[in-house]
Amino acid sequence: MKSWTRREFGCLTGAMVLAGLGPRSAAGEASARVVVVGGGIGGATAAKYLAASARTIEVTLVEPKPDYTTCFFSNLYLAGLCSLESLTHGYETLAHRYGINVIHDFVTAIDPIAKTVGLRSGRILPYDRVVVAPGIAFNYDALAGYDEAATQVIPHAWNAGPQTQLLRRQLESMEDGGVFVLVAPPNPFRCPPAPYERASLVAYYFKQHKPRSRILILDAKDSFNSQDLFLDAWERHYPGMIEWLPAQFTGGIKAVDLRERSVKTASDTFKAAVANVIPPQMAGQLAQQIGLVDQSGWCPVDPITFESKLQPGIHVVGDAASAGDMPKSAFVANSQAKACAFAIVEALTGSERVSPHLFNTCYTFLSPDDAVSNAVSFKPAAGTIKIIDNFVSQVQESAETRHRAAREAQSWYAAFTRDTFG
């Protein structure tokens, strides 16, 4: 396995984004209908690249909400470093520039025999192919005392929007000297570094406004993504402020007490001034409803086309997909969506096959001027998807290097969201 240098990583990332901005022309175009369900990163990217790749394919995007707020970078909002509006993107460009038929409605059923998508409004959408990007659902049965209603008292803030705003208000109203208890979920879950980035940026907020406050992370795991980078940063930026307790120390997370605002583990009860419980996760509800999910709780897919292994003719991209070594991240969803779109165009129009380039990049903030990154390249192999190259930031990097990564992260966000929604 090759380890990329930071320079190689930067060049590759730029090449990917630039390549992604150029609409493709398919040979042998034919009339066909594709319905994309879900307007997050995976769904919006799939719709855009389908429409841009073969203009005679009629593309319909079904999404209940009028816009989408990115979960990535929402920890910056919690720290007071950006507005939620700056993380929110509409679908106007997809509709006007690419001719995508955007429908704001709920999908109630998908019939793979009749090849139709049913909407809550009563409309029926026929399709030749359908792409499903339902994201995640929360397994509330796994944590006693914590259900959907409880999220209005103790937010998970794992879908950006009102939950993120609620958690931000609670942090602002918390008295200095309180304890912020963050419950980190078991694997797999959306965006593996994000709970620990959240702890870092909340610590930054406390350091500015409530310096006597502390953060306690109760983890369902015994280790976590980029652990050495986070532990090093917490010691440098926030000494004594963040405590991490792995499952082997606590016996695991058992229950949440809303009235006491506390979290119970096998060994102790931890009372919080503000609590943030991120529940165990599984594929989104629609994926479960239409039989795309196996016993793992996720959707097995073909590693080249992202067609469901359980329901032929239905493709699954994004966090809901079970895709070998690929993590559940926004950039992965974008990469999968492009591969899926090109495979569908090939199947419907007979155009030249485009080899999938599966890739992930991620920037993580440890403080406003200290960010780390990783990049991983994947390829289909032996019926699944394997890592072939990677770059990961190192603990001993200079402050200048981390400053530069923080600046690059802002450019990455702008280019990435433009590639999806612009």
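Treat the numbers as computed from the prediction; the structure is a model and nothing was measured. (Residues numbered from 1 in each chain as written. Predicted model: local features only at pLDDT ≥ 70, side-chain atom pairs only at ≥ 80, totals over all residues. Heavy atoms only, no water.)

Enquirer: Give me unusual backbone geometry: which residues, what numbers.
Expert: A cis amide bond, omega -10°, links asparagine 187 with the succeeding residue proline 188. In this fold, proline 188 is placed in the loop between β12 (179-184) and α6 (194-209). The backbone of phenylalanine 73 sits at a positive phi, close to 80°, despite the residue not being glycine. For phenylalanine 73, the location among the structural elements is in the loop between β4 (67-69) and α3 (74-78). For phenylalanine 73, a relative accessible area of 7% corresponds to the buried category. Its identity is not glycine, yet arginine 261 carries a phi of approximately 50°, on the positive side. With respect to the secondary-structure elements, arginine 261 resides in the loop between β15 (253-257) and β16 (262-265). You can call arginine 261 partly exposed: its relative accessible area is 24%. (Helix = DSSP H or I, 4+ residues; strand = E, 2+ residues; numbered from the N terminus. Buried < 20%, exposed > 50% of the residue type's maximum accessible area, 1.4 Å probe, protein only.)

Enquirer: How would you summarise empty space enclosed by the protein if you had to cite specific residues and measurements?
Expert: Throughout the structure, instances matching the rule amount to four cavities of 30 Å³ or more. One number sums up the size of the largest cavity: a volume of about 210 Å³. Contributing to the lining of the largest cavity are 22 residues, with Phe72, Phe73, Cys191, Cys362 and Tyr363 lying nearest its centre. Counting residues per element, the ones that place at least two in the lining of the largest cavity are α3, α6, α10 (330-349), β23 (358-367) and α11 (399-421). The element that contributes the greatest number of residues to the lining of the largest cavity is β23, accounting for five residues. When grouped by side-chain class, the residues that make up the lining of the largest cavity number 15 nonpolar, five polar and two charged. (1 Å grid on protein atoms, 1.4 Å probe; cavity = no way out; pocket = protein on both sides within 12 Å on 5 of 7 lines; lining within 4 Å. Points joined across faces, edges and corners; volume = space filled by probe spheres on them. Nonpolar A, V, L, I, M, F, W, Y, C, P; charged D, E, K, R; others polar.)

Enquirer: Lay out the nonpolar core with the relevant residues and their values.
Expert: Grouped together as the largest cluster of nonpolar side chains are 139 residues, with contacts concentrated most on Ile110, Ile217 and Trp234. Excluding anything up to four places from it in sequence, tryptophan 234 contacts Tyr196, Ala199, Ser200, Ile217, Phe224, Pro239, Ile242 and Trp244. (Core = buried A, V, L, I, M, F, W, Y, C linked by side-chain atoms within 4.5 Å. Contact = heavy atoms within 4.5 Å.)

Enquirer: Break down the packing of helix α5 (residues 162-173) against α6 for me, with residues and values.
Expert: Closest axis-to-axis distance for the α5/α6 pair is 11 Å, and the angle between their directions is 35°. Along this stretch, α5 crosses α6, giving a crossing that reads as right-handed. Taking contact as the criterion, the partners of Leu167, Arg168, Leu171 and Glu172 in α5 are, on α6, Arg198, Val202, Tyr205 and Phe206. (Axes fitted to C-alpha atoms, helices over the stretch in contact; angles between N-to-C directions. Left-handed = near helix turned anticlockwise from the far one by under 90°.)

Enquirer: How would you summarise the packing of helix α2 (residues 41-53) against α10 if you had to cite specific residues and measurements?
Expert: Following both chains from N to C, one finds α2 and α10 inclined at 35°, their axes separated by 8 Å at the closest point. α10 is crossed by α2, and the crossing has right-handed handedness. Contacts between α2 and α10 involve Ile41, Gly42, Thr45, Ala46, Tyr49, Leu50 and Ser53 on the former and, on the latter, Ala330, Ala333, Asn334, Ala337, Lys338, Ala341, Phe342, Ile344 and Val345. Here the contact of α2 with α10 is composed, by residue class, of 11 nonpolar, four polar and one charged.

Enquirer: Now, about the confidence of the model for the chain: what can you tell me, with residues and values included?
Expert: Keep in mind that low pLDDT regions are not for reading the predicted coordinates in detail. A residue-level look at the chain finds 93% of positions with pLDDT of 70 or above and a mean pLDDT of 92. Note on residues 1-30: pLDDT under 50 across the span, and 72 contacts to partners over four residues away in sequence or across chains. (pLDDT = per-residue confidence, 0-100.)

Enquirer: Hey, could you go over the side chain of threonine 164 for me, with residue numbers and the actual values?
Expert: Considering the arrangement of structural elements, one finds threonine 164 in helix α5. In contact with threonine 164, not counting residues within four places along its chain, are Ser74, Tyr77, Leu78, Ala157 and Asn159.

Enquirer: Before we move on, could you go through the sheet that holds strand β8 (residues 116-119) and cite the residues and values that matter?
Expert: Within the open sheet, the three strands sit side by side as β7-β8-β9. Their pairing is antiparallel. Lying at the two open borders of the sheet, with one neighbouring strand each, are β7 (107-111) and β9 (124-126). Shown here is a sheet whose adjacent strand axes are inclined to one another by a mean of 20°, direction ignored. For β7 and β8, the ladder comprises four bridges, and the chain directions are antiparallel. Looking at the pairing, valine 107 lines up with leucine 119 of β8. (Pairing = 2+ DSSP bridges.)

Enquirer: Provide a residue-level description of the layout of surface pockets, including the pertinent values.
Expert: What the second largest pocket holds in volume is close to 300 Å³. Looking at the second largest pocket, it is lined by 18 residues, and the ones nearest its centre are Asn225, Pro327, Asn360, Asn374 and Val376. Among the elements of the structure, α7 (227-237), β23, β24 (370-381) and β25 (384-392) are those that each provide at least two residues to the lining of the second largest pocket. Here the element with the most residues in the lining of the second largest pocket is β25; it accounts for four residues.

Enquirer: Let's hear about α5: which residues, and what values?
Expert: Across its 12 residues, α5 extends 17 Å between first and last C-alpha, which sits within 8% of the 16 Å expected from 1.5 Å per residue. Gln163, Thr164, Leu166, Leu167, Arg168, Gln170 and Leu171 are the residues of α5 that are buried. Looking at the buried residues of α5, the elements they touch are α3, β12, α6 and β18 (274-277). (Expected span 1.5 Å × (residues − 1).)

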